[in-house]
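Observations on chain architecture
If you want the building blocks of each chain, they are given just below.
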Amino acid sequence: MHQDYILPDPWCIIEEGFDPKRVTRSESIFSLGNGTHGGRATFEELYSGESFQGSYIGGVYYPDKTKVGWWKNGYPEYFAKVLNAPSWIGINVYINGEPLDLNTCATVRYFRRELNMKEGVYRRTFVVVLHNGVEVAVKVTRFLSLSHDDLGAIRYEVTPLIAPKGEAVAIRFEPYLDSGITNHDSNWEEHFWETDETKLTGQRAFITTHTKKTDFKVVTFQRTEVWSGEETIIKPHHTDTYISLNYLTQVSVGDTVYLEKFGGYVSSFKYGDTDLLTIAKERVQAVVNLGFDGLLAQQQHDWAAIWERADITIEGDVKAQQAIRFNIFQLNQTYLGGKGLNIGPKGFTGEKYGGSTYWDTEAYCMPFYTATKNEVVARQLLEYRYNQLPQAIANAEKLGFTGGAALYPMVTMNGEECHNEWEITFEEIHRNGAIAYAIDRYVRYTGDRDYLREKGIDVLVGIARFWAQRVNFSEEKQRYVILGVTGPNEYENNVNNNFYTNYIAAWCLRYASFELRALSFEESEVRERLGVTEKEVQGWLRIAEEMYYPYSEKYGVYLQQEGFLDKELKPTSVIPTEQRPINQHWSWDRILRSPYIKQADTLQGFYFFEDDFSEEALRRHYEFYEPFTVHESSLSPCVHSILAARLGKEDDAYWLYLRTARLDLDDYNHEVHEGLHITSMAGTWMSVVEGFGGMRVKDGKLHFAPILPKEWQGYSFKINFRNQILKIEIRGQRSEGREQRSETRGQRPEVSFEVDKGTLEVVLYGEVVKVEAKSN
Ligand code: BGC
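Everything numeric in this text was worked out from a predicted model, so none of it was measured. (Residues numbered from 1 in each chain as written. Predicted model: local features only at pLDDT ≥ 70, side-chain atom pairs only at ≥ 80, totals over all residues. Heavy atoms only, no water.)

Turning next to the overall build of the chain. Scanning the chain for helices and strands turns up 20 helices and 31 strands. For 776 residues, the compact-globule estimate of 2.2 N^0.38 gives 28 Å, and the chain sits close to it at 27 Å. C-alpha atoms of the chain, sized along the principal axes, occupy 90 × 60 × 60 Å. Residue pairs at least 24 apart in sequence account for 69% of intrachain contacts in the chain once pairs closer than 6 positions are excluded. As displayed, the chain offers around 28,400 Å² of accessible surface, 48% of which is attributable to carbon and sulfur atoms. Put simply, the chain has 85 plus and 110 minus side-chain charges, and the middle of one group is 1 Å from the middle of the other. (Helix = DSSP H or I, 4+ residues; strand = E, 2+ residues; numbered from the N terminus. Rg over C-alpha atoms; globule rule 2.2 N^0.38 Å. Contact = heavy atoms within 4.5 Å. Areas by Shrake-Rupley, 256 points an atom, 1.4 Å probe, with all protein chains shown as cover. Lys, Arg positive; Asp, Glu negative; His and termini not counted. Charge placed at Lys NZ, Arg CZ, Asp CG, Glu CD.)

Glancing now at the site of the ligand. Residues in contact with the ligand, as listed here, are Pro345, Tyr353, Tyr358, Trp359, Asp360, Glu490, Lys598, Gln599, Ser633 and Leu635. The separation between an oxygen atom of the ligand and a polar side-chain atom of Asp360 is 2.5 Å. The contact in question runs from an oxygen atom of the ligand to an N or O atom on the side chain of Gln599, over 2.6 Å. Protein contact buries 93% of the 310 Å² of open area that the ligand shows by itself. Residues belonging to the shell around the ligand are distributed by class as follows: five nonpolar, two polar and three charged. (Near = heavy atom within 4 Å. Polar contact = N/O pair within 3.5 Å; in protein donor to acceptor, adjacent residues only side chain to side chain. Nonpolar A, V, L, I, M, F, W, Y, C, P; charged D, E, K, R; others polar.)

Our focus in this paragraph is the pattern of salt bridges. Under the counting rule described, the total for this entry stands at 57 salt bridges. In this structure, Glu568 and Lys570 form a salt bridge, with 3.0 Å as the shortest nitrogen-oxygen distance. Residue class for Glu568 comes out exposed when judged on its relative accessible area of 55%. One continuous salt-bridge network, built from bridges that share partners, spans Asp149, Asp150, Lys270, Glu282 and Arg283. (Salt bridge = Lys/Arg side-chain N within 4 Å of Asp/Glu carboxyl O. Buried < 20%, exposed > 50% of the residue type's maximum accessible area, 1.4 Å probe, protein only.)

So, about the sheet that holds strand S3 (residues 37-39). Whenever strands of a sheet pair, they do so through backbone hydrogen bonds, lying parallel or antiparallel. If you walk across this open sheet you meet the three strands as S2-S3-S4, and the pairing is antiparallel. Edge positions in the sheet fall to strand S2 (32-33) and strand S4 (55-57), since each has one partner strand and no second. As judged from the three bridges shared by S3 and S4, these two strands associate in the antiparallel manner. Bridged to Gly39 within S4 is Ser55. (Pairing = 2+ DSSP bridges.)

Every buried residue of helix H7 (residues 389-398) is listed here: Leu389, Ala392, Asn395 and Ala396. Buried residues of H7, seen end-on, are gathered within an arc of 110° and therefore sit on one face of the element. Structurally, H7 contributes buried residues whose contacts are with helix H6 (375-387) and helix H10 (449-470). (Arc of directions from axis to C-beta.)

Residue placement: Gln250 occurs in strand S18 (residues 242-251). Placed 286 residues apart in sequence, Gln250 and Glu536 show a C-alpha to C-alpha distance of 80 Å.

What follows is about the side chain of Glu135. Checked against the element boundaries, Glu135 lands in strand S11 (residues 135-144). Looking at Glu135, the relative accessible area reads 9%, which means it is buried. With sequence-adjacent residues up to four places away left out, Glu135 is seen in contact with Arg109, Val127, Val128, Val129, Thr159, Pro160, Leu161 and Ile162.

In this section: the sheet that holds strand S30 (residues 759-764). Strands sit in the order S25-S26-S30-S31 across an open sheet of four strands; the sheet is mixed. With one partner strand each, in any of the chains shown, strand S25 (696-698) and strand S31 (767-772) form the two edges of the open sheet. Strand-to-strand twist across the sheet, computed as the mean angle between neighbouring axes with direction ignored, equals 35°. In this structure, S30 lies alongside S31, joined through six bridges in antiparallel fashion. Bridging from a neighbouring strand, Leu764 pairs with Glu767 of S31. (Axes fitted to C-alpha atoms, helices over the stretch in contact; angles between N-to-C directions.)

Attention now goes to the packing of aromatic side chains. Each aromatic ring pair is described using two quantities: the centre-to-centre distance and the angle formed by the ring planes. Across all of its chains, the model carries 65 aromatic pairs by this definition. Ring geometry for Phe624 versus Phe628: centroids 5.7 Å apart, planes at 75°, classification edge-to-face. The pair formed by Phe624 and Phe628 is uniform in burial state, with each residue classed as buried. Geometry around Tyr5 places Arg22 over its ring, the cationic atom sitting 4.2 Å from the centre. Geometry around Tyr548 places Lys477 over its ring, the cationic atom sitting 4.9 Å from the centre. (Phe/Tyr/Trp six-rings, centres within 6.5 Å; stacked < 30°, edge-to-face > 60°. Lys NZ or Arg CZ within 6 Å of the ring centre and 35° of its normal.)

Below, the discussion takes up the environment of Ser87. Position of Ser87 relative to the elements: it lies in the loop between strand S6 (78-82) and strand S7 (91-95). Under the relative-accessibility criterion, Ser87 is labelled buried at 4%. Along the sequence, Ser87 and Gly133 sit 46 residues apart, while their C-alpha atoms lie 31 Å from each other. Other than its neighbours up to four places away in sequence, Ser87 contacts Gln53, Tyr176, Leu177, Asp178, Thr220 and Tyr265.

The next subject is the nonpolar core. Phe173, Leu702 and Ile719 are the most contacted members of the largest nonpolar core, which totals 225 residues. Top element by residues in this core is helix H11 (residues 499-518). It accounts for 12 residues. Once residues within four sequence positions are removed from consideration, Leu702 is found in contact with Tyr445, Met695, Arg696, Val697, Ile719, Phe721, Leu726, Leu760, Val762 and Val763. Judged by nonpolar contacts, the second largest core, of 18 residues, contains Phe143, Ala153, Phe221 and Val284. (Core = buried A, V, L, I, M, F, W, Y, C linked by side-chain atoms within 4.5 Å.)

This part covers the UniProt feature "domain: Glycoside hydrolase family 65 central catalytic" (unreviewed entry) in the chain. Under the present numbering, the feature "domain: Glycoside hydrolase family 65 central catalytic" (unreviewed entry) in UniProt falls on residues 325-686. Secondary structure content for residues 325-686 is 50% helix and 3% strand, and the end C-alpha separation is 13 Å. (UniProt positions renumbered as here; feature names shortened; annotations may be inferred.)

Turning to the pairing of strand S12 (residues 151-162), a few remarks are in order. Among the 12 residues in S12, 10 count as buried, and that is most of the element. Taken together, the 10 bridges between S11 and S12 define a ladder with antiparallel strand orientation. Counterpart to Glu135 in the pairing with S12 is Ile162. In this sheet, strand S19 (residues 257-267) lies alongside S12 in antiparallel orientation, the contact comprising eight bridges. Its bridge partner lying in S19, Arg155 is registered against Glu260.

Attention shifts here to the confidence of the model for the chain. Detail in the predicted coordinates should be disregarded across regions flagged by low pLDDT. A residue-level look at the chain finds 98% of positions with pLDDT of 70 or above and a mean pLDDT of 95. Confidence drops under a pLDDT of 50 for residues 739-746, and excluding neighbours within four residues, the segment shows 15 contacts in the predicted structure. (pLDDT = per-residue confidence, 0-100.)

Before going further, it helps to examine the side chain of Arg696. Note that Arg696 resides in strand S25. Taking relative accessible area as the criterion, Arg696 reaches 16% and is therefore assigned buried. Sequence-distant contacts of Arg696, defined by excluding residues within four places in its chain, comprise Glu610, Ile642, Arg646, Glu690, Lys701, Leu702 and His703.

Turning our attention to the packing of helix H17 (residues 636-646) against helix H19 (residues 678-692). In contact at an axis separation of 9 Å, H17 and H19 are set at 5° when each is read in the N-to-C sense. The angle between H17 and H19 places the two elements in the roughly parallel class. Every residue of H19 that contacts H17 at Cys638, Ser641, Ile642 and Ala645 is listed here: Gly683, Thr684, Met686, Ser687, Glu690, Gly691 and Phe692. When its residues are assigned to classes, the contact of H17 with H19 shows five nonpolar, five polar and one charged. (Parallel < 35°, antiparallel > 145°, perpendicular 65-115°, else oblique.)

Next up, the structure:
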C-alpha cells in the first residue's frame, strides 16, 4: 500500500489535516533548497512529537570515522557526510505563557501546508486551541532565496481568534539559532561542530562555528523583527551554542502580530578563508533593504525563469503533472551549477547517503542538467570527476592496481572512497563505466570536443587502464572475464561476469581507444601527458573483442550473471504484498538466493547501448527481466519505463512512469521519512523526454518519436540543444504503440516544434523537419 494524502494540484504540493504520523514524511516532501543550502520542512515553532530536523550546507562535510563489524584491507578510514548544520529556522512561540506545540495543544482545528513550486514558496496555516483556552490562527511563509542564496526568509503570523474573557493575549516569539545539533547517523555519537562565538548586534544574531577535522567555518545568522500594534519588549538570551531574542507583546483578539526572520549561512566552502562575519552582515543588510516582500517578488521571478526553461506540461492527468513538476522542482532546489558541488541522492532532504556523490550523477542526472540548464553546468559536473582523477588513481592503487589505473569511488565527497561494505566498495565497479559514459553522452549532445582533448580523455584513459587490469583471461572459456563483482542490482553480490559490468567495461576500452585515435594521440600532447601507447590501446581492444558475456540459448537473453538460471525463477507477482519491499522484510541471504532484481541491471545496459541491440532483442530482455524486478531502488522504474515506451508497451511505460514520478509523493518504497530520492528524479524527467518523447541525439541531431499515453491529452517539454531552446508539444490522437504507428502514420499524435532563434533541423519519426524561429 502506498500513501495518498498529498492532494493533487498542477503547481502545488498540498497536505490538509494534521496527522502526527505523517510529520517526518512531510518534512521530507516539503523540503526547501536553493542549490547552496537546504533543509527539511520542520516546524519553526517547538514540536515535541517525532521529528527529524535537518539543515545542510552544500560542500560542508565531516569525515566520520568508519564503523564496521570486521575490518577489511582497502576499507576507507572514514565516511564523509554532509553535516546537519546549525539551525536557523527556529521560532518558539508562547501564548499567554503556554508553548505553541502542535503535538501537545488541546485541539488542532485546521492544518494545511502547501509548497508552491511555481514560486518556490512554502506556506503553512493552522488553527489550534491551547489548554489555556486561547484559540489562534497561524500563518507561516518560508522560502530559500535563489538570488540571495546564502539565506532564506520566514514570516510568522499569529492571530488570536478566541481568548478567555476576550482579553488581549500575550505573545512571546523566541526566534533562535542553535549550533548544539548532531547528525542522526553519527557513527560514534560525536559532535561534529565546535562553536567559537555567539554574538548579538541589535536584532541580528550570529553563531560562528567550525567543523572538527575538516575545519569548515560557518557563520549562521538571523535578523528578526516583530510587527505589532503594541509595545514590544525585546530580551536576548544566549548560551554557548544557542542564541535568541525574546519579543514580548500583546495582541487583541482578531488582530495579527507577525515576526519576520531572515537567516542562513555563509561558509568557508563558498567564501574561502575570509572574514565570514562581515560577509554575513552584508548579506543580511542587503535583504533588509529589499524587505520580505521585495525578496519574495524576486523569488517568484527567479523561479519563473527556471520554469521557463525546464517546465514539462501534461494535460489531462493532474497527478502526473504534479509529479513531474515536483521532480523538476526538487532537482533545481538541489543543484544549480555550483562549483565543486554535486547531487547527493537525498539532496538537502535527509542524512542518508551522506550528501555524497554516487554514479547517480553520471548515469541519471547529467541529461537533465545538460538539457534544462546549459553546457557550462553539465561540464561542471564532468569536471568534478576530472578534478578527482588523482584520488581515483590513489583509490585504485590502494586495491593493488598500477600505472595510472583509476577506480572512481562508489561514494565520495572529495574524491576519496567513503563506502565500506566490501561487496560495494571493491565490487560495485560498474560505476567507473558510467563516468566514461557520461563523457560520451555529453560530447554527443553538446558537440564540445575540446572537453575531450583537454580533460575528458585523461579520465577515459584512467578508467580503461583499470578495466584492462581488472579482467583476467579464462583458459577454460578462452575469453576475458570479470570475477567477483556487484552489478547495479545490489541484491546479488560477488557474482562472476555480470553482463552489465562486462559490457560497459568492454565499451569503455573501445571508447577510450576510439577517442585517443580520433585525437591522433601519438602525435599530440595527450600521449605526452598520459604516456599511452598504441600497444596499450591494442591490448584494450583485444580485451573488448574477447570479453565474455553469459548467454542463455533457451531464453535468447544475456544472463545478468553466470548462474542466474539456477535460481527459482518465480515472478515478483508471487511475493505477498505485505512482504514488499523485500529489503524491509526478508533476510539478506534470502534476497541473495532469490531471482529478484533490485533495479535495472542487464536492462541498464540495453538502455545505455540501445543501438547495439535489435528491438527484438530488447523485447526479449525486457520481457524476461521485468517480471523479476522489484524496483526497490528509486533508479529502476525510470529505465524500465523508457524501454517500455520504446517497445510500444504503453501501459507498462505509464505505470512505471507514475512509480518513478510519484515515488516520494506516494512513498512507494516506505522510506520517504528519510528524505527524497533526488537523483532518481532526473530519471523521471528522462522517462518523459526519452521515454514518451522518444528523444535521442544521433549524429549531432535531435531525434523524436513521441507516443502519447492514453491517460494524457497532451504534453510538452523544452530542450536546450546547442544554445537553441526547442519546445516540443505532443497532443491529440493517441495510437496503439510506436511500431504500429509507423505503419499507420495517421494515428501518430500531433507533434509541433518551436525554436527560440534561428533554424534547427530535427528528426521526427525518421524524417527531417526544419524548425524555424517565429522571429526569423
Ligand atoms: C542503489 C545505487 C545508488 C544508491 C544511491 C542504492 O540503493 O542501489 O545504485 O547509487 O542507492 O542512490
